[in-house]
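A closer look at the structure
Below, each chain spelled out in residue letters.
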Amino acid sequence: MNTENAQQLHLAHNTSQQAKLESDKALQSVTDFIITTLKQIDQPAFDKVTDIKQGNLYDRCWGIHSAIEQAHPNAANMLFNAVRTAELLNEACSSARRTLDDFEHACAMKAKILASK
């Protein structure tokens, strides 16, 4: 196993995992900001979005986005960008994990082949 490559892959995975966690925190902050603002300026919209409780954070955010898209397009756009960024970072983290798994599997197979010779 190439130790340097393995370390780089582990670092890439850990970094993408940390970025995903931070992005999820930012998404929650954006969502909280939108809900708090709605409470101050649009009680019916606030009531509508606070009823959205099903699913994970991303699902709830997409539900809130749909609920406010017509009446509050700028807030909906901000939420759209935050959700999409979080989703992309989640995809990057998953890809990094799969790449690391593939590399480790290839190294294990190579070691088996070399051991059998």
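Below, the structure is looked at part by part. Please read these numbers as outputs of a predicted model, since none were measured by experiment.

Topic: the packing of aromatic side chains
Overall, the coordinates contain 1 aromatic pair when judged by the stated rule. Judged by centre distance (5.5 Å) and plane angle (70°), the ring pair of Trp-62 and Phe-80 falls under edge-to-face. On the criterion of sequence distance, the pair formed by Trp-62 in helix α3 (residues 57-68) and Phe-80 in helix α4 (residues 73-116) is long-range, its members being 18 residues apart. Residue Trp-62 is classed as partly exposed on the basis of its relative accessible area of 25%.

Section: the nonpolar core
Grouped together as the largest cluster of nonpolar side chains are 18 residues, with contacts concentrated most on Leu-27, Leu-38, Ile-68 and Leu-79. Of all elements in the fold, only α1 (3-41), α2 (43-50), α3 and α4 reach the threshold of two or more residues within this core. The contact partners of Leu-27, leaving out residues within four places of it in the chain, are Leu-57, Tyr-58, Cys-61, Leu-79, Ala-82, Val-83 and Ala-86. The next biggest cluster of nonpolar side chains, apart from the first, holds 5 residues, and it includes Leu-9, Leu-100, Phe-103 and Cys-107.

Remarks on the packing of α3 against α4
With their axes 9 Å apart at the nearest point, α3 and α4 run at an angle of 160° to one another. For the element pair α3 / α4, the angle class is roughly antiparallel. In this structure, the crossing between α3 and α4 has a hand that is left-handed. Residues Tyr-58, Cys-61, Trp-62, Ile-64, His-65 and Ile-68 of α3 touch α4, and the partners they reach there are Pro-73, Ala-75, Ala-76, Leu-79, Phe-80, Val-83, Ala-86, Glu-87 and Asn-90. Of the residues contributing to the contact of α3 with α4, the split by class is 12 nonpolar, 2 polar and 1 charged.

Calculation rules
Per chain, residues are indexed from 1 in the order of the written sequence. Only residues with pLDDT of at least 70 get local features here, since the model is predicted, and only at 80 or more are side-chain atom pairs given and counted; chain-wide, interface and lining totals rely on the full set of residues. Computation of side-chain values covers all heavy atoms of the structure but excludes hydrogens and water. Stacked, edge-to-face and tilted are the three classes for Phe, Tyr and Trp ring pairs, Trp counted by its six-membered ring, which pair at centre distances within 6.5 Å; planes under 30 degrees apart are stacked, over 60 edge-to-face, the rest tilted. Helix and strand definitions follow DSSP, with helices as H or I runs of at least four residues and strands as E runs of at least two, each counted in order from the N terminus. Any residue under 20% of the maximum accessible area for its type is buried, any over 50% is exposed, and the rest in between are partly exposed; the area is computed with a 1.4 Å probe on protein chains only. The criterion is simple. A nonpolar core is a set of buried Ala, Val, Leu, Ile, Met, Phe, Trp, Tyr and Cys residues joined through side-chain atoms within 4.5 Å. When checking whether two residues touch, look at their non-hydrogen atoms; a contact exists if any pair is within 4.5 Å. Each axis is a line fitted through C-alpha atoms, and for a helix only the stretch in contact is used; angles between axes span 0 to 180 degrees, taken between their N-to-C directions. Any angle that is under 35 degrees is reported as roughly parallel, and any over 145 degrees as roughly antiparallel; angles of 65 to 115 degrees are reported as roughly perpendicular and all others as oblique. A crossing counts as left-handed when the near helix is turned anticlockwise from the far one by less than a right angle, and as right-handed when that turn is clockwise. Amino acids outside the nonpolar list (Ala, Val, Leu, Ile, Met, Phe, Trp, Tyr, Cys, Pro) and the charged list (Asp, Glu, Lys, Arg) are all regarded as polar, and Gly is one of them.

Purely geometric stuff here, so don't read any function into it on its own.
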